[in-house]
Every structure is written in C-alpha cells, then in structure tokens.
Amino acid sequence: MNTRMPLARTTLRKLLWLVLALPVLLVGAGYAAYKAQYWDDKRDVAAIPMPVTDALGESYQKVEYLEQGWGPAQSVWFYNITQGSDLMPYDFFLALRQENSDKLFRDNANINAYRYLPQAPTHHNPDGLPVGFVLDRYKGKNYVGLTCAACHTGQLIHKNVAYRIDGGPAASDMERFMLDLSRTLRSTLTSGPQGPRYQTFVKDVLARGHYKTEKEVFDDLATFNKRLEAYTFYNE
C-alpha cells in the first residue's frame, strides 16, 4: 500500500497553515508591542509637585496639562522613550551624589534647580527619572541619556499651578547642568580610593549588580569623567 501521497499532502497542508499563520502572528506581535508602548498612562501620578520655594522664588502644588490633542499615555511615551543618547552609565547617574552635599545629584530639588522636570516612578520609568532622562541599552550595558522631551517640554507656573506644555520650549539650563555634572563626577573620581565619597559611590554602584568589581567601576568613572570634561570644555 502506497502511503507516500497522503503523508506528502498532510505535510503540505501543515506548511500551508504555517505560512498563512505566520503573518497573522507577526502582525499580532507587532500590535501588542505597539500597544505596550502606550500602556503606561500614569501621567498625573508621575507629575509631582514642588511645594518648597526654590532659589528662584518658585514653587507649585500641582501640575496640569494643556489640551493638545493627545492623551496621558502619549505624554508618558514621549517623556520616557529612548532616542539613543548615552550620557553616562545608568548606575552612575543613580548613585552619584552632589559635589557639596550627601544628597543624590538626581534629587528632585536639585533637578528642579536646573529647571528639568522631576517625575515620580511609573511602569515605564521605575527609577523616577526626570522628563526626558531615559534608560538606553547599548551593547549589553545600561546608560542614561537625554531625549527631545528634556528640552521640549515646557512649564509655566501661575498661582501655585504648573501648566505642562508637551513640545514647548523648556526653561532648563543645560549648560550649568552639564558643568555641575562634570564637576561632581570629577570630585568623586579624585576623592581617591580611601575617600568616603568615592567609597560610597562604588558601593552603591556595585549594589545594583551590573558591575562586578571596583576596577570596572573605576575604569568607567575615569572614562566618562574625561568624556564629560571634553564635552563641557568644547561647548563653553
């Protein structure tokens, strides 16, 4: 009895179904990935007040958004989507402390002093980075970088309310931010292996689990210190 023909037909049918199903699966996966980008709509949760009057005499109790034809999910996506900018290792930015203080450089009050916009943690921004400061993964390593949203999210304060304008010009002082960040990184490096500042920084970076040894941390610290110094020198 010849069974080759039925077997061939069965195999052919399976291949045909696979060919027909593959585009559907790809479209479904693409749609799911697209929807996942806009799943986080916690814009109001992320927008935190700054109630303490700062050095410029400003404060605000709440944030409101102008009606601009898009919703909270699109705003959150714009604030947190990477654009390939790698300013420095991500763990460095999270661990770095201010040059003349034990507070973190990314402390909300310090970020607000440069007029970048602090945020609370959300699903797409679990570490609560400021608007336009994002995680970027490149060649197996994590970096923090700035996006268009950092410089193109405006804010006007009136009667203790901050009105957020997506796409508007920011009031941020990038030059002073970069100079202070560079100086802070350098002071951490030059405090030396026995310095409390350096030791605290290394301990905090290693605790995040992406660096295995102090030497790895030191090598990247030296590299990015030079990179930031060069950037600030040529852009002054």
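Here the structure is shown first, and the text comes after it.
So, here's what we can say about the structure. (Residues numbered from 1 in each chain as written. Predicted model: local features only at pLDDT ≥ 70, side-chain atom pairs only at ≥ 80, totals over all residues. Heavy atoms only, no water.)

Brief notes about the packing of aromatic side chains
- For the structure on display, the rule yields 13 aromatic pairs.
- Between F92 and F201, the aromatic rings sit 5.1 Å apart at their centres with planes inclined by 70°, giving edge-to-face as the arrangement. Residue F92 is located in helix α4 (residues 90-95), and its partner F201 is located in helix α8 (residues 196-207); the two are separated by 109 residues in the primary sequence. Each member of the pair, F92 as well as F201, carries the same accessibility label: buried.
- Chaining the aromatic ring pairs together yields one cluster made of F93, F105, Y114, Y116, F133 and F177. (Phe/Tyr/Trp six-rings, centres within 6.5 Å; stacked < 30°, edge-to-face > 60°. Helix = DSSP H or I, 4+ residues; strand = E, 2+ residues; numbered from the N terminus. Buried < 20%, exposed > 50% of the residue type's maximum accessible area, 1.4 Å probe, protein only.)

Here we look at the nonpolar core
- The biggest cluster of nonpolar side chains holds 32 residues, and the ones touching the most others in it are M88, F93, F177 and F201.
- Contributing elements (two or more residues each) for this core: α4, β4 (141-146), α7 (174-190), α8 and α9 (214-235).
- Excluding anything up to four places from it in sequence, F177 contacts F93, F105, I111, Y114, Y116 and F133.
- Counting eleven residues, the second largest nonpolar core, distinct from the first, contains Y60, F78, Y79 and A149. (Core = buried A, V, L, I, M, F, W, Y, C linked by side-chain atoms within 4.5 Å. Contact = heavy atoms within 4.5 Å.)

Section: empty space enclosed by the protein
- With the rule as written, the count across this model stands at one cavity of 30 Å³ or more.
- In this model, the largest cavity occupies a volume close to 30 Å³.
- With three residues, α8 is the single largest residue contributor to the lining of the largest cavity.
- Classifying every residue of the lining of the largest cavity by side-chain character gives three nonpolar, two polar and two charged. (1 Å grid on protein atoms, 1.4 Å probe; cavity = no way out; pocket = protein on both sides within 12 Å on 5 of 7 lines; lining within 4 Å. Points joined across faces, edges and corners; volume = space filled by probe spheres on them. Nonpolar A, V, L, I, M, F, W, Y, C, P; charged D, E, K, R; others polar.)

Remarks on the pattern of salt bridges
- Counted under the stated rule, the structure contains twelve salt bridges.
- The partner of R176 in a salt bridge is D173, and the shortest N-O contact between them spans 3.5 Å.
- Look at the salt bridges and you will find they share partners, linking R97, D102, K203 and D204 into a network. (Salt bridge = Lys/Arg side-chain N within 4 Å of Asp/Glu carboxyl O.)

Quick look at the packing of α7 against α9
- Running from N to C, α7 and α9 cross one another at 145°; their axes reach a closest spacing of 9 Å. Considering how the two elements wind past one another, α7 and α9 form a crossing that is left-handed. On α9, the residues touching M174, M178, L179, L181, S182, L185, R186, T188 and L189 of α7 are F218, L221, A222, F224, N225, L228, E229, Y231 and T232.
- Within the contact of α7 with α9, the residues separate by chemical class into twelve nonpolar, four polar and two charged. (Axes fitted to C-alpha atoms, helices over the stretch in contact; angles between N-to-C directions. Left-handed = near helix turned anticlockwise from the far one by under 90°.)

Observations regarding unusual backbone geometry
- Backbone geometry at R115 places phi at a positive 65°, although glycine is not the residue there.
- One can find R115 in the loop between α5 (108-113) and β3 (133-138).
- Positive phi outside glycine occurs at N160, with the angle close to 65°.
- One can find N160 in the loop between β5 (153-158) and β6 (161-166).
- Here N160 falls in the partly exposed class, since its relative accessible area comes to 36%.

Focus on the packing of α8 against α9
- Contact geometry of α8 with α9 gives a least axis separation of 10 Å together with a crossing angle of 110°. When the axes of α8 and α9 are compared, the pair comes out roughly perpendicular. By crossing handedness, the relation of α8 to α9 is classed as right-handed. For the pair formed by α8 and α9, the contact residues are Y198, F201, V202, V205 and L206 on the first element and E214, V217, F218 and L221 on the second.
- When its residues are assigned to classes, the contact of α8 with α9 shows eight nonpolar, no polar and one charged. (Parallel < 35°, antiparallel > 145°, perpendicular 65-115°, else oblique.)

Some points on the sheet that holds β4
- Taken in spatial order, the three strands make up an open sheet running β2-β4-β3, and their pairing is antiparallel. Since the sheet does not close on itself, it has two edges, and those belong to β2 (88-89) and β3, each with one partner.
- Relative to β4, β2 is paired through two bridges, and the arrangement is antiparallel. Across the sheet, the residue bridging to M88 is V144, located in β4. (Pairing = 2+ DSSP bridges.)

With respect to the layout of surface pockets
- Its boundaries defined by the atoms lining it, the largest pocket holds a volume of some 380 Å³.
- As for the largest pocket, its lining consists of 19 residues, and the residues nearest its centre are N80, H124, P126, L135 and R137.
- Breaking the lining of the largest pocket down by element, the ones donating at least two residues are α3 (72-80) and β3.
- In terms of residues, the lining of the largest pocket owes the most to one element, β3, which gives five residues.
- Partitioned by chemical class, the residues of the lining of the largest pocket number eight nonpolar, seven polar and four charged.

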